[in-house]
Amino acid sequence: MSALRGVGIGLGVAQGPVARMAEPLPAPADEPSTQTVEAEKARVAEAVAAVARELEERGAHAGGAARDVLEAQAMMAEDPTLAEEVDARLAQGKTGEFAVFDAFAAFRDQLTALGGYLGERAADLDDVAQRVIARLRGVPAPGVPDPGHPFVLVAKDLAPADTALLDLDMVLALVTTEGGPTSHTAILAREKAIVAVVGTVEATGLADGETVIVDAAAGVVTTEPSPAELERARNRADARAAAASAPVTPGALADGTAVPLLANLGSPKGAAEAVELGAEGVGLFRTEFLFLSSSQAPTVEQQRASYTELLSAFPGKKVVVRVLDAGADKPLAFLNDAHEDNPALGLRGIRALRASEDILREQLTALAQADAATEADLWVMAPMVATVGETEYFTELAREYGIKTAGVMVEVPSSALLADRVLGIADFASIGTNDLTQYTMAADRLLGSVASFQDPWHPAVLHLIRSVGAAGRATGKPVGICGEAAADPLLAVVLVGLGATSLSMAPTALADVRATLLEHSLDDAARIAEAALAAPDAAAARTAAMEAASRSADSAAAASHEKASTS
Ligand code: PEP
Ligand code: MG
């Protein structure tokens, strides 16, 4: 057996046979066909029909929104105008592969030029073309494979659309060779509770059909596992399933200190599940996820409807909505479509909104209207705030629209370092550990090759968080955590020890974090945090925290034993 190392997402473990995601096909060469025009036409007709039927079958199997998408793709494959374009190229003696490639590409360009809804279908058309060409070549179609049995999906990375459409009855686990722990593949995997190890560079060598164990807690993919290893992994998976069904209680430490556990959401549709999993409110609503595919700014009315739906699901509860965070990993065509060499350091977040203030004003209008129509306790915050001036700008503007609680995200080291001044103005801070880690470590959160730097356990990141926690205590203002770090149970304890007053995460992470918080008091959490802060690097911080946590668990056990024997 061998252990392939990557970055685990969550604490799950799964096992099964590998199915690899095929790479996109290279463009066919423009060479004359060796077959007759009629023979090429027959080949193409067969391939197109087979692809259309397969898409329809997949759609019928998937149901819901996926069925609509796949049925539309099947119709595209058999579009008569496209068929005429393909035939015209075949008549010139081109190969079926090239004729399909070229005709679909021309159609794609037309759709792109039209923009709007049709423009957004261009990528779907590419996918259909790839499937038809793959069939003509007799090779597997690119995209998520369908081996006909449950499997461990191994891919370079997944597009958010691929991840969103994964059939969770079939995909036992996900292993990517690229992508860091805060890439949106990882975020979606966490949201859907898929056992995942990302940035596993050596997984390129895994073959279809071989059995592996994917251990997200350890960040390891084990190849050629022994029967004993397989059994241990199965037992762990069973034990986690049992923990997930433990009673749902409000987040608290062992000494009763309340630590509200909130949900990160990207759509109001996730609200019901979050409530079911015990979310005590929402700590981060990513509004830009609602509009990622829009080419035009959403209207006030569209936004009001979405925000009202969200707030209605949490009467009397805190709901923290982030205004549009456009840029880098979350491009929004209507806010920042200019080319930048370094978009992560560009006109993004609050900077982009400030440059298009009308859009920000409309969003605040919609939020204020939704607030007035519902019973939730709405908090609104700005992303990527880097200066005290931006804090003043946003909070003043939000208050102008009647937003009662206006805060900022601390994701840039400059705001963490000046947290006392930032919190002198804002009503609250919410630390986005994904970007805070990216900017502290100078490591692109989307890049697999630097994924090992993208570790929020790094003591440099923890020191910045401590500075925000201290400013929160000094000013009496709440400091939440809404980056992926809050979903790591032991790190969650450290974050509370550093001064975080609430934790927000993908709802599927709530049960593990809730259970671990209950094992430690506030004093323990501070001690565990000190041990991590004193370490030289991320791995040592994690180990030091684990050792400090097991010492405090031992002394808690000894104390309860002593109490039992004296009473
Ligand atoms: C973060 O940066 O930690 C954060 C929560 O925001 P996002 O992941 O959406 O950038
Ligand atoms: Mg961020």
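Parameters at a glance
- Residues numbered from 1 in each chain as written.
- Chains lettered and ligands numbered in written order.
- Predicted model: local features only at pLDDT ≥ 70, side-chain atom pairs only at ≥ 80, totals over all residues.
- Heavy atoms only, no water.
- Helix = DSSP H or I, 4+ residues; strand = E, 2+ residues; numbered from the N terminus.
- Rg over C-alpha atoms; globule rule 2.2 N^0.38 Å.
- Buried < 20%, exposed > 50% of the residue type's maximum accessible area, 1.4 Å probe, protein only.
- Contact = heavy atoms within 4.5 Å.
- Areas by Shrake-Rupley, 256 points an atom, 1.4 Å probe, with all protein chains shown as cover.
- Lys, Arg positive; Asp, Glu negative; His and termini not counted.
- Charge placed at Lys NZ, Arg CZ, Asp CG, Glu CD.
- Near = heavy atom within 4 Å.
- Polar contact = N/O pair within 3.5 Å; in protein donor to acceptor, adjacent residues only side chain to side chain.
- Nonpolar A, V, L, I, M, F, W, Y, C, P; charged D, E, K, R; others polar.
- Expected span 1.5 Å × (residues − 1).
- Donors = N, O, S within 2.8 Å, 3.2 Å for Na, K, Ca; no water.
- Phe/Tyr/Trp six-rings, centres within 6.5 Å; stacked < 30°, edge-to-face > 60°.
- Lys NZ or Arg CZ within 6 Å of the ring centre and 35° of its normal.
- Axes fitted to C-alpha atoms, helices over the stretch in contact; angles between N-to-C directions.
- Parallel < 35°, antiparallel > 145°, perpendicular 65-115°, else oblique.
- Left-handed = near helix turned anticlockwise from the far one by under 90°.
- Salt bridge = Lys/Arg side-chain N within 4 Å of Asp/Glu carboxyl O.
- UniProt positions renumbered as here; feature names shortened; annotations may be inferred.
- Pairing = 2+ DSSP bridges.
- Core = buried A, V, L, I, M, F, W, Y, C linked by side-chain atoms within 4.5 Å.

S.K.: How should I be thinking about the overall build of the protein chain in this particular structure?
M.R.: What the protein chain contains, in helices and strands, is 22 helices and 16 strands. The globule rule puts the C-alpha radius of gyration for 567 residues at 24 Å, and the 26 Å found for the protein chain is close to it. For the protein chain, with 567 residues in total, the buried portion stands at 50%. Of all intrachain contacts in the protein chain linking residues separated by at least 6 positions in sequence, the fraction that spans at least 24 positions is 68%. Summing over all exposed atoms, the protein chain offers an accessible surface of approximately 24100 Å²; the carbon and sulfur share of this is 56%. One finds the centroid of the 44 positive side-chain charges in the protein chain at a distance of 4 Å from the centroid of its 77 negative side-chain charges.

S.K.: Hey, could you run me through the site of ligand 1 in this one?
M.R.: Near ligand 1 there are 14 residues, and of these Arg286, Arg322, Lys330, Asn434 and Arg445 occur at the shortest range. Within the side chain of arginine 286, a nitrogen or oxygen atom sits 2.7 Å from an oxygen atom of ligand 1. In this structure, an oxygen atom belonging to ligand 1 sits 3.4 Å away from a main-chain N or O atom of glycine 432. Compared with its free state, where it exposes 290 Å², ligand 1 has 100% of that area covered by protein. When residues of the shell around ligand 1 are traced back to their parent elements, those giving at least two are β10 (281-286) and α17 (433-441). In terms of residue count, α17 provides more of the shell around ligand 1 than any other element does, 3 residues in total. Of the residues assigned to the shell around ligand 1, the class counts are 3 nonpolar, 4 polar and 7 charged.

S.K.: Sorry, what's going on with helix α18 (residues 459-475) here?
M.R.: What sets the pattern is the α-helix's 3.6 residues per turn: residues three or four places apart point alike. For α18, spanning 17 residues, the distance from its first C-alpha to its last is 24 Å, which sits close to the expected 24 Å at 1.5 Å a residue. Of the positions making up α18, those classed as buried are Pro459, Val461, Leu462, Leu464, Ile465, Val468, Gly469, Ala471 and Gly472. Where α18 terminates, the next one or two residues include glycine 476, which has phi positive at roughly 75°.

S.K.: Help me understand the coordination of the magnesium ion (ligand 2) in this model?
M.R.: Ideal geometry at a metal centre gives angles of 109.5 degrees when four donors are arranged tetrahedrally and 90 or 180 degrees when six donors are arranged octahedrally. For the magnesium ion (ligand 2), the full set of protein donor atoms is Glu411 (OE) and Asp435 (OD), at a range of 2.0 Å. In this pair, glutamate 411 sits in the loop between β13 (405-410) and α15 (413-417) while aspartate 435 sits in helix α17, placing the two residues 24 residues apart along the sequence. When its relative accessible area of 2% is taken as the criterion, glutamate 411 is described as buried. What makes aspartate 435 buried here is its relative accessible area of 1%.

S.K.: Help me understand the packing of aromatic side chains in this model?
M.R.: To describe a pair of aromatic rings, one takes the distance between the centres and the angle between the planes. Evaluated as defined, the whole model comprises 2 aromatic pairs. Consider the rings of phenylalanine 98 and phenylalanine 101, whose centres lie 6.3 Å apart with planes at 45°: the pair is tilted. With phenylalanine 98 and phenylalanine 101 both in helix α4 (residues 96-114), this residue pair falls 3 residues apart, about one helical turn. Measuring from centroid to centroid gives 4.8 Å for tryptophan 379 and phenylalanine 428, while their planes differ by 50°, and the two rings are tilted. Of this pair, tryptophan 379 sits in strand β12 (residues 377-382) while phenylalanine 428 sits in the loop between α16 (419-425) and β14 (429-431); the two residues are 49 residues apart in sequence, bridging distant segments of the chain. Both residues of the pair, tryptophan 379 and phenylalanine 428, count as buried. Note that lysine 318 overlies the ring of tryptophan 379, its terminal NZ or CZ placed 4.0 Å from the centroid. Taking NZ or CZ as reference, arginine 354 lies 4.1 Å from the ring centre of tyrosine 393, over its face.

S.K.: What's the story with the packing of helix α13 (residues 357-373) against helix α14 (residues 388-400) in this structure? I'm lost.
M.R.: Closest axis-to-axis distance for the α13/α14 pair is 9 Å, and the angle between their directions is 50°. For the element pair α13 / α14, the angle class is oblique. Crossing angle aside, the handedness with which α13 passes α14 is right-handed. Judged by residue contacts, Glu357, Leu360, Arg361 and Leu364 of α13 engage Tyr393, Phe394, Leu397, Ala398 and Glu400 from α14. A breakdown of the residues in the contact of α13 with α14 according to their chemical character gives 6 nonpolar, no polar and 3 charged.

S.K.: Is there a simple way to think about α17 in this case?
M.R.: Taken across its 9 residues, α17 has 8 buried, putting it largely inside the fold. Within α17, the full set of buried residues consists of Thr433, Asn434, Asp435, Leu436, Thr437, Gln438, Tyr439 and Met441. Count one or two residues on from α17 and you reach alanine 442, which has phi positive near 50°.

S.K.: For this particular structure, what's the right way to read the pattern of salt bridges?
M.R.: Inspection of every chain in the model, using the stated rule, returns 26 salt bridges. Across the pair arginine 399 and aspartate 427 runs a salt bridge whose closest N-O atoms are separated by 3.1 Å. On the criterion of sequence distance, the pair formed by arginine 399 in helix α14 and aspartate 427 in the loop between α16 and β14 is long-range, its members being 28 residues apart. According to the relative accessible area criterion, aspartate 427 is partly exposed, its value standing at 22%. In the salt-bridge network here, residues are joined through shared partners; they are Glu40, Arg43 and Glu97.

S.K.: Honestly, the UniProt feature "binding site: Mg(2+)" (unreviewed entry) in the protein chain in this entry has me stumped. Any pointers?
M.R.: The UniProt feature table records "binding site: Mg(2+)" (unreviewed entry) at Glu411 and Asp435. These annotated residues cover 25 residues of sequence, and their C-alpha atoms all fall within 5.2 Å of one another, placing them together at a single site. Apart from residues lying up to four places away in sequence, glutamate 411 is in contact with Arg322, Pro383, Met384, Gly432, Asp435, Leu436 and Tyr439. At 2.7 Å, the side chain of glutamate 411 forms a polar contact with the backbone nitrogen of methionine 384. Other than its neighbours up to four places away in sequence, aspartate 435 contacts Arg348, Met384, Glu411 and Arg445.

S.K.: What exactly am I supposed to notice about the sheet that holds strand β8 (residues 220-223) here?
M.R.: Strands in a sheet are paired, the pairing made by backbone hydrogen bonds, and the direction either parallel or antiparallel. On the basis of which strands lie adjacent, the open sheet formed by 8 strands has the order β1-β8-β7-β3-β4-β5-β6-β2 and mixed pairing. Of all the strands in the sheet, the pair left with one neighbour each is β1 (2-5) and β2 (7-9). Each neighbouring strand pair of the sheet contributes to a mean axis angle of 30°, computed without reference to strand direction. Each of β3 (13-20), β7 (211-215) and β8 touches helix α9 (residues 227-244); the most contacted strand, β3, lies at about 115° to it.

S.K.: Could you clarify how one ought to interpret the nonpolar core in this entry?
M.R.: As a rule of thumb, soluble globular proteins bury nonpolar side chains together. Counting residues in hydrophobic clusters, the biggest one holds 91 residues, and the most contacted among them are Phe394, Val494 and Leu503. If we ignore the near neighbours within four places in the chain, the residues touching phenylalanine 394 are Val323, Ile350, Leu360, Leu364, Val380, Met381, Ala382 and Gly407. Counting 26 residues, the second largest nonpolar core, distinct from the first, contains Leu25, Val48, Met76 and Phe104.

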